[in-house]
Amino acid sequence: MKITEIKAQVKTAGRFSIFVDDKYAFSLSDTALLEQKLYIGQELDDKQLKDLKQASDDDKAFGLVLRYASMRPHSEWEIRSYMQRKKVTPALADKLLNKLTNLNLVDDISFAKSWVESRRLLRPTSKRKLQQELRAKRVGDDAINQALAEDEADEQDVLRALIAKKRARYPDDLKLMQYLARQGFKYDDIKSALLEESD
C-alpha cells in the first residue's frame, strides 16, 4: 500500500485528507501530519495504516476538545465531562488533558481566579457563593482558597452594592434578606448592612 495523495481539505482549514492507493483513507490536522512525517509515495503495511487511522481519530478528538477548551476557561472536571460526552476513552482523555495542560488551557487555579473576577464584574455575590459555584465545577479547595485569597473585593461593600441594586425589586426587607442569604451572605452581615441603609 502506498500514500498516493495528501490534499488540503476545503471545508476544514488546517486539515488534510490522505489517500492510500488512490482511495481516501483518513485525515490529519496539519500538526499531526507533521508529527507523523507522511509523504507521497510512502509505503505502508496493514499495521501502520491501522495505527494512522487511530492517530486520525485521536487527532479529531483533540481538535474537538481544543475548540471547547479555547471558547472560555473551563475547570478540569468540565473538560473531562465534555470528553466523556464525546465518548473519548479514559486513556486518551488523560493524554489530551496533558496536552491541554501543557498549552495552559487547563489549570484549575487560573480557572478559579477568572471565575471570581468575572463574577465580581458581572454579578455581585458573596465569597461563600463563589466557593459553592467553584465546588460545583469540581475545583479543589486549594485552588478555590488561592483564588479567594487574591480577591480584593470587600464583602461588606459587595453586600451594600447588592442591596442598592436589588432594593427596588425587593422593597420588603424580609424578601430582600432571603435573597441575600441565597447569595451566600451571613445573616448578621445582612442585618447590619440593612440597618446601615436605613440610617
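To keep things clear, this report deals only with the structure shown in the data block. Note on numbering: residues in each chain are counted from 1, in written sequence order. Only residues with pLDDT of at least 70 get local features here, since the model is predicted, and only at 80 or more are side-chain atom pairs given and counted; chain-wide, interface and lining totals rely on the full set of residues. Calculation of side-chain values draws on the structure's entire complement of heavy atoms; hydrogens and water are dropped beforehand.

What follows concerns the pairing of strand 1 (residues 3-8). Criterion used throughout: strands pair if DSSP finds at least two bridges between them. Secondary structure counts use DSSP, requiring at least four H or I residues in a row for a helix and at least two E residues in a row for a strand, with both numbered from the N terminus. Across 5 bridges, the pairing between strand 1 and strand 2 (residues 15-20) is antiparallel. Its bridge partner being in strand 2, I6 is matched across the sheet by I18. The antiparallel hairpin formed by strand 1 and strand 2 contains 6 residues in its connecting segment, where G14 sits at a positive phi of about 80 degrees.

Attention now moves to the side chain of T125. Relative to the elements of secondary structure, T125 occurs in the loop between helix 5 (108-122) and helix 6 (127-136). In protein, a polar contact requires one atom able to donate a hydrogen and another able to accept it; more generally it is a pair of N or O atoms within 3.5 Å, and residues adjacent in sequence count only if both atoms are side-chain atoms. A polar contact of 3.3 Å, which involves the side chain of T125, links it to the backbone oxygen of Q183. For this analysis, residues touch if any pair of their heavy atoms sits within 4.5 Å. Excluding anything up to four places from it in sequence, T125 contacts R119, R120, L130, V158, Q183 and F185.

This part covers helix 6. Every buried residue of helix 6 is listed here: K129, L130, E133 and L134. The buried residues of helix 6 occupy an angular sector of 135 degrees when the element is viewed end-on, so they sit on one face. Close packing links the buried residues of helix 6 with helix 5, helix 7 (141-149) and helix 9 (173-182). Of the residues one or two after helix 6, R138 is the one with positive phi, at around 60 degrees. Summary of the burial criterion: residues with accessible area below 20% of their type's maximum are buried, those above 50% are exposed, and those between are partly exposed, where the area comes from a 1.4 Å probe applied to protein chains only. For this quantity, the arc is that covered by the directions from the helix axis to the C-beta atoms.

Ranked by internal contacts, the top residues of the largest apolar core, which has 15 residues, are V65, I79, M83, V88, L96 and L100. At the level of elements, helix 2 (46-71), helix 3 (76-85) and helix 4 (90-102) are the ones that each hand at least two residues to this core. If we ignore the near neighbours within four places in the chain, the residues touching L96 are D58, A61, F62, V65, M83 and V88. Core analysis: the next-biggest nonpolar cluster, separate from the first, contains 13 residues, V158, L162, I163 and L176 among them. By nonpolar core we mean a set of buried residues, namely Ala, Val, Leu, Ile, Met, Phe, Trp, Tyr and Cys, connected to one another through side-chain atoms within 4.5 Å.

It is worth stressing that arrangement in space is one thing and function is another; only the former is reported here.
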